[in-house]
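As a plain string of letters, each chain reads:
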Amino acid sequence: DQGERMEEEKRVKRRIVLVPVPAQGHVTPIMQLGKALHSKDFSITVVQTQYNRVTSSKDFSDFHFLTIPGSLTESDLKNLGPLQFMMKLNQICEATFKQCLGQLLKEQGDHDEVVCVVYDEYMHFSKAAAMEFQLPSVVFSTTSATAFLCRSVLAKVNVEKFLIDMKDVEMQDKLFPGLHPLRYKDLPTSAFGPIESMLRVYSKTVNTGTASAVIINSASCLESSSLARLQQELQVPVYPIGPLHIAASAPSSLLEEDRSCIEWLNMQKPRSVMYISLGSLALMETKDAVEMAWGLSNSNQPFLWVIRPGSIPSSEWTESLPEEFSKLVSERGYIVKWAPQMEVLRHPAVGGFWSHCGWNSTLESIGEGIPMICRPFTGDQKVNARYLERAWRNGVQLEGELEKEAVERAVKRLLVDEEGAEMRKSVVDLKEKLEASVRSGGSSCSSLDNFVNSLKTKNF
Ligand code: UDX
């Protein structure tokens, strides 16, 4: 009997529904999660909004893709800004996602059973549908455990007092109680809207409510104390299973990658190049871009700079950079609109990464043993930058007004000075720990197995 039951179990394909936020930094890790779960014998359905869809390519040929009808578009994002866009998306998708999931369940055959909905923490409308159909729902966080913990702490602050504290310039450099080494200014507040709206959004993302578990794209060797505290705070199991890009790399770039920069890197000396990229959303003021250009110029080091069209808001692409700078670019630099970042970080010519410290970029840089210059733009990037400098000691944070002298100094500290060599040692040490954590027997690998077992034994 038991044999028969096991045979039957094998015939039924368990399906997991993934709900990504339509933004590069969120799509990348959730698709990697999809790959990891697929390798554990689950079928994957990705339910997406109309904006920024991943297309079914050869890398995801086994995945099934659905679109939530009537969801928001690119012009909505432009008009509303990211914070309001996410609030509105959650309002309008609750009913349509229910229909979508209902249809999927109706169509499922005898040998295909939806077992769980895994949603990006910012797509919390998903949990109402999962509850309606009595499916377990799991929150997937694309940020660090520490950033999640911060949001959880912020969701409970006395709002009036917090607003006063945040306006007080002197408070900014003080440590925030209970979140060492973070200062007030490192808290994940948003550049995209007022603190009150941000707190409202955060309280929704950390409210695990009816969810069965939380998956975090991190590893205990990076954030053991934040993970332990998070486990205490939340009422449900927390599974740190990252970094997913090592365990299950899955290319899902929404923009076209300019691979010509690899040929350029091939001509550079080992560890000589500063790679600069601010991820998919961060913006840069013209005056900062100009200071950066001169700082890079004066550092005498080669550089590969990703400038997304529109990321310097005063110009379409690079028009606001000084004209003399373009001569220098042809001699010692290379500018692209979007790079194959993993390949760049893996390239032997790259010695440092100037980053906005998005969580994916942070994990990718540590995973390749590259020290960083940290210039966070908003939100969780500030938390990551502080950790890179103070906890992991493989980053230099540039704070305050950006000036060319500081840029030049930071580049030299990383690529030329002894200090850079020290930072490289500590990041290589961390890289090895990260690799061990996703290998068989490692903490993230075991955590993923525990999650999978809970799903298979319907233990949620
Ligand atoms: C944002 C937040 O910053 C991040 O912390 C959060 O967890 C998810 O959303 P983003 O600002 O885009 O993401 O940065 P990041 O998390 O670093 O993700 C960017 C991704 O784009 C990385 O995986 C990176 O490899 C990729 N990338 C970036 C490219 O492939 N090419 C580029 O030129 C630049």
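Quick caveat, the model's predicted, so the values are computed rather than measured.

**Let's talk about the sheet that holds strand S8 (residues 273–277)**
Then comes step 1: Across the sheet, which stays open at both edges, the 6 strands sit in the order S10-S9-S8-S11-S12-S13 with parallel pairing between neighbours. The open sheet is flanked by strand S10 (333–336) and strand S13 (395–397), the only strands paired with a single partner. Across the sheet, the mean angle from the axis of one strand to that of its neighbour is 15°, orientation sign disregarded.
Then comes step 2: Contacts from helix H12 (residues 323–332) reach strand S9 (303–306) and S10, with the element oriented near 105° to S10.
Then comes step 3: Contacts between helix H15 (residues 380–391) and the sheet are confined to strand S12 (372–374) and S13, with S13 contributing the most and set at about 120° to the helix.

**Quick notes on the packing of helix H5 (residues 145–154) against helix H7 (residues 195–206)**
Then comes step 1: With their axes 8 Å apart at the nearest point, H5 and H7 run at an angle of 115° to one another. One way to sum up the angle between H5 and H7 is to call them roughly perpendicular. Relative to H7, the crossing made by H5 is left-handed. Across the interface between the two elements, Phe148, Arg151, Ser152 and Leu154 of H5 pack against Met198, Leu199, Tyr202, Thr205 and Val206 of H7.

**Notes on the site of the ligand**
Then comes step 1: In the vicinity of the ligand there are 22 residues, among which Ser280, Ala339, Ser361, Glu364 and Asp380 approach most closely.
Then comes step 2: One of the side-chain nitrogen or oxygen atoms of glutamine 341 is found 3.3 Å away from an oxygen atom of the ligand.
Then comes step 3: Within the contact set of the ligand, an oxygen atom lies 2.5 Å away from a side-chain nitrogen or oxygen of aspartate 380.
Then comes step 4: Summarising the interface, the protein chains cover 95% of the accessible area of the ligand, which totals 670 Å² for the free molecule.
Then comes step 5: Elements with a minimum of two residues in the shell around the ligand: helix H2 (24–38), S8, helix H14 (359–367) and H15.

**Here's the deal with empty space enclosed by the protein**
The probe, sized like a water molecule, is rolled over the atoms to show the empty space still left.
Then comes step 1: The tally for this structure, following the rule as stated, stands at 2 cavities of 30 Å³ or more.
Then comes step 2: Within this model, the largest cavity holds a volume of roughly 80 Å³.
Then comes step 3: Residues belonging to the lining of the largest cavity are distributed by class as follows: 7 nonpolar, 2 polar and 1 charged.
Then comes step 4: In this structure, the second largest cavity spans a volume of roughly 30 Å³.
Then comes step 5: Taken together, Gln32, Asn217, His245, Asn360, Leu363 and Glu364 form the lining of the second largest cavity.
Then comes step 6: Within the lining of the second largest cavity, the residues separate by chemical class into 1 nonpolar, 4 polar and 1 charged.

**Considering the nonpolar core**
Then comes step 1: The biggest cluster of nonpolar side chains holds 89 residues, and the ones touching the most others in it are Val17, Phe97, Leu101, Leu265, Tyr275, Leu304 and Val344.
Then comes step 2: Aside from chain neighbours lying at most four places away, what touches tyrosine 275 is Leu304, Val306, Ala339, Gln341, Val344, Leu345, Val350, Gly352, Phe353 and Trp354.
Then comes step 3: Within the second largest apolar cluster, 31 residues are counted, among which are Val118, Phe140, Tyr239 and Leu244.

**Some words on the pattern of salt bridges**
Oppositely charged side chains can pair when the atoms bearing their charge come close.
Then comes step 1: On inspection of all chains with the given rule, the structure shows 28 salt bridges.
Then comes step 2: In this structure, glutamate 401 and lysine 287 form a salt bridge, with 3.9 Å as the shortest nitrogen-oxygen distance. Separated by 114 residues along the polypeptide, glutamate 401 in the loop between S13 and helix H16 (404–415) and lysine 287 in helix H11 (residues 286–299) bring together distant segments of the chain.
Then comes step 3: The class for glutamate 401 is exposed, based on a relative accessible area of 58%.
Then comes step 4: Residues participating in the shared-partner salt-bridge network are Asp173, Arg183, Lys185, Asp186, Arg386 and Glu399.

About the thresholds
Residues numbered from 1 in each chain as written. Predicted model: local features only at pLDDT ≥ 70, side-chain atom pairs only at ≥ 80, totals over all residues. Heavy atoms only, no water. Pairing = 2+ DSSP bridges. Helix = DSSP H or I, 4+ residues; strand = E, 2+ residues; numbered from the N terminus. Axes fitted to C-alpha atoms, helices over the stretch in contact; angles between N-to-C directions. Contact = heavy atoms within 4.5 Å. Parallel < 35°, antiparallel > 145°, perpendicular 65-115°, else oblique. Left-handed = near helix turned anticlockwise from the far one by under 90°. Near = heavy atom within 4 Å. Polar contact = N/O pair within 3.5 Å; in protein donor to acceptor, adjacent residues only side chain to side chain. Areas by Shrake-Rupley, 256 points an atom, 1.4 Å probe, with all protein chains shown as cover. 1 Å grid on protein atoms, 1.4 Å probe; cavity = no way out; pocket = protein on both sides within 12 Å on 5 of 7 lines; lining within 4 Å. Points joined across faces, edges and corners; volume = space filled by probe spheres on them. Nonpolar A, V, L, I, M, F, W, Y, C, P; charged D, E, K, R; others polar. Core = buried A, V, L, I, M, F, W, Y, C linked by side-chain atoms within 4.5 Å. Buried < 20%, exposed > 50% of the residue type's maximum accessible area, 1.4 Å probe, protein only. Salt bridge = Lys/Arg side-chain N within 4 Å of Asp/Glu carboxyl O.

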